[in-house]
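Residues per chain are reported as follows:
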Amino acid sequence: MPDTGGEQTAQEARSRAPEGGDVAKSDLLQAYRRKKSEPSDEREEQERERSKKQTEKQTSDGESIVVDFVANFVAGGNASFEPVKGRVLMSQRRLILATSKAKTVIPITSIFDIAVGQVPPEVEEFFDYTVMVGYIIGRQRRTTVIGGDRETIEKFSLLLFRAALNGSRAQVTHPARIGGRVLDTERRPSGLHLDYEAVTFPDDDGPLTENGEPFHIDLASVIFFEVLERTVDGETRLVLSVQHVKQGQTVTSEITLDSRRKMNILGRYLRLVYHWIKSGVRDVEITEQGLEVLVGLYSAGEMAAEVDFSELLGVEEEVLEAELETLHEEELIGDDELPTSLTPQGRFVVNEEIEDVNV
């Protein structure tokens, strides 16, 4: 089996230490919880305007700049491992590391690996948190290490993953399995887009589209994934096999991209976000009754606020209010009163419970 960023055994998928460290409280994970909606107050509107102006910056070649910040970095596999301070800029085509004396230009299409939170031993005395970017110039593999505060590096990494993967063409087999039953499902062409809490596969209202919505994998529903080698159209290809919970069933979907480079990056991304979400529930202690409330909210959805939810669960109103408050404090639901929705961590807890029941 090839050594890829997404490959791991079932044991590793359930118990391996988070690649990104303990980031349950980070701003990035909070961003994963926000829905795509218009800003609700003036402060958010101003923040959006600042963000919009930043993305409208352009290079001399007319490329829009989506990232521009100051950081310390070791560029291009510098043998001295001496970090330098400079600007990190990124468009949809290039990552640029610039100092007063030199400039390193990395085409996005040359990036083959993105590793977040792993500080190389050679530079650990200089950095608290880093992202390593592996890329190819000519026939040489090179590595750049960018360090900074966790919030900045996490936000930058998410944008870098998106630049490397969004707009890619994929082939999706869904569902390849339901439970242990293998299905004869045809592979379908689609696009690929990294969203806040999901990987989406738009296919222009094709067979993968359900009720007007493109097929997506909720990253909080992922139970296990691995990268396999398969023969596809007479060629040996990498296939990402993802087990996730959908409508109370354990479903396996298989994704392949034309590029091994992109498959490696997609595997890295799934593993990273999986552990970010999982890290938020490592220390959560939930009672049996609390779990029943959480599963009830998951099942009822928006209807939980339209019915007598306490009666539906068979508990007193005071008990329900106490459980909602506890679940909110544990960051498993978005609010401590109805209507409310499950956070990625809340969905992760429920999906693990569903998987245990299915097993």
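Residues numbered from 1 in each chain as written. Predicted model: local features only at pLDDT ≥ 70, side-chain atom pairs only at ≥ 80, totals over all residues. Heavy atoms only, no water.

## Here we look at empty space enclosed by the protein
Logical step 1: With the rule as written, the count across this model stands at two cavities of 30 Å³ or more.
Logical step 2: A volume near 30 Å³ is recorded for the second largest cavity.
Logical step 3: As for the second largest cavity, its lining consists of Val199, Phe201, Ile217, Leu240, Val242, Ile255, Leu266 and Leu270.
Logical step 4: Listed by contribution, the elements that provide at least two residues to the lining of the second largest cavity are strand S12 (198–201), strand S15 (235–246) and helix H5 (260–279).
Logical step 5: Partitioning the lining of the second largest cavity into residue classes produces eight nonpolar, no polar and no charged. (1 Å grid on protein atoms, 1.4 Å probe; cavity = no way out; pocket = protein on both sides within 12 Å on 5 of 7 lines; lining within 4 Å. Points joined across faces, edges and corners; volume = space filled by probe spheres on them. Helix = DSSP H or I, 4+ residues; strand = E, 2+ residues; numbered from the N terminus. Nonpolar A, V, L, I, M, F, W, Y, C, P; charged D, E, K, R; others polar.)

## Re the nonpolar core
Logical step 1: Counting residues in each nonpolar core, the largest one holds 80 residues, and the members touching the most others are Ile146 and Phe156.
Logical step 2: Per-element tally for this core: the top contributor is H5, with 10 residues.
Logical step 3: Those residues in contact with Ile146, other than ones at most four positions away along the chain, are Phe69, Ala71, Asn72, Phe73, Val88, Leu97, Tyr129, Thr130, Val131, Ile153 and Phe156. (Core = buried A, V, L, I, M, F, W, Y, C linked by side-chain atoms within 4.5 Å. Buried < 20%, exposed > 50% of the residue type's maximum accessible area, 1.4 Å probe, protein only. Contact = heavy atoms within 4.5 Å.)

## Here's the deal with the sheet that holds strand S13 (residues 215–218)
Logical step 1: Read from one edge of the open sheet, three strands run S11-S12-S13, paired in antiparallel fashion. Of all strands in the sheet, those with a lone pairing partner are strand S11 (193–194) and S13, marking the two edges.
Logical step 2: Of the strand pairs in this sheet, S11 and S12 are connected by two bridges, and their pairing is antiparallel. Along S12, the bridge assignment pairs Leu194 with Val199. (Pairing = 2+ DSSP bridges.)

## Examining the environment of Ile217
Logical step 1: For Ile217, the position within the fold is in strand S13.
Logical step 2: Expressed as a C-alpha distance, the spacing of Ile217 and Val245, which sit 28 residues apart in the sequence, is 9.0 Å.
Logical step 3: Ignoring anything within four residues of it in the chain, the contact list for Ile217 reads Glu197, Ala198, Val199, Phe201, Val222, Val242, His244, Ser253 and Ile255.

## As for a negative patch on the surface
Logical step 1: Side chains of Asp308, Glu311, Glu316, Glu317, Glu318, Glu321, Glu325, Glu329, Asp335, Asp336 and Glu337 sit close together on the surface and give a patch of like negative charge.
Logical step 2: Looking at the negative patch, the element that brings in the most residues is helix H8 (residues 317–329), giving five residues.
Logical step 3: Of the residues examined, Glu318 reaches a relative accessible area of 56% and is grouped as exposed. (Patch = residues over 30% accessible without salt bridge, like charges linked within 9 Å, V, L, I, M, F, W, Y side chains within 5 Å. Areas by Shrake-Rupley, 256 points an atom, 1.4 Å probe, with all protein chains shown as cover. Salt bridge = Lys/Arg side-chain N within 4 Å of Asp/Glu carboxyl O. Lys, Arg positive; Asp, Glu negative; His and termini not counted. Charge placed at Lys NZ, Arg CZ, Asp CG, Glu CD.)

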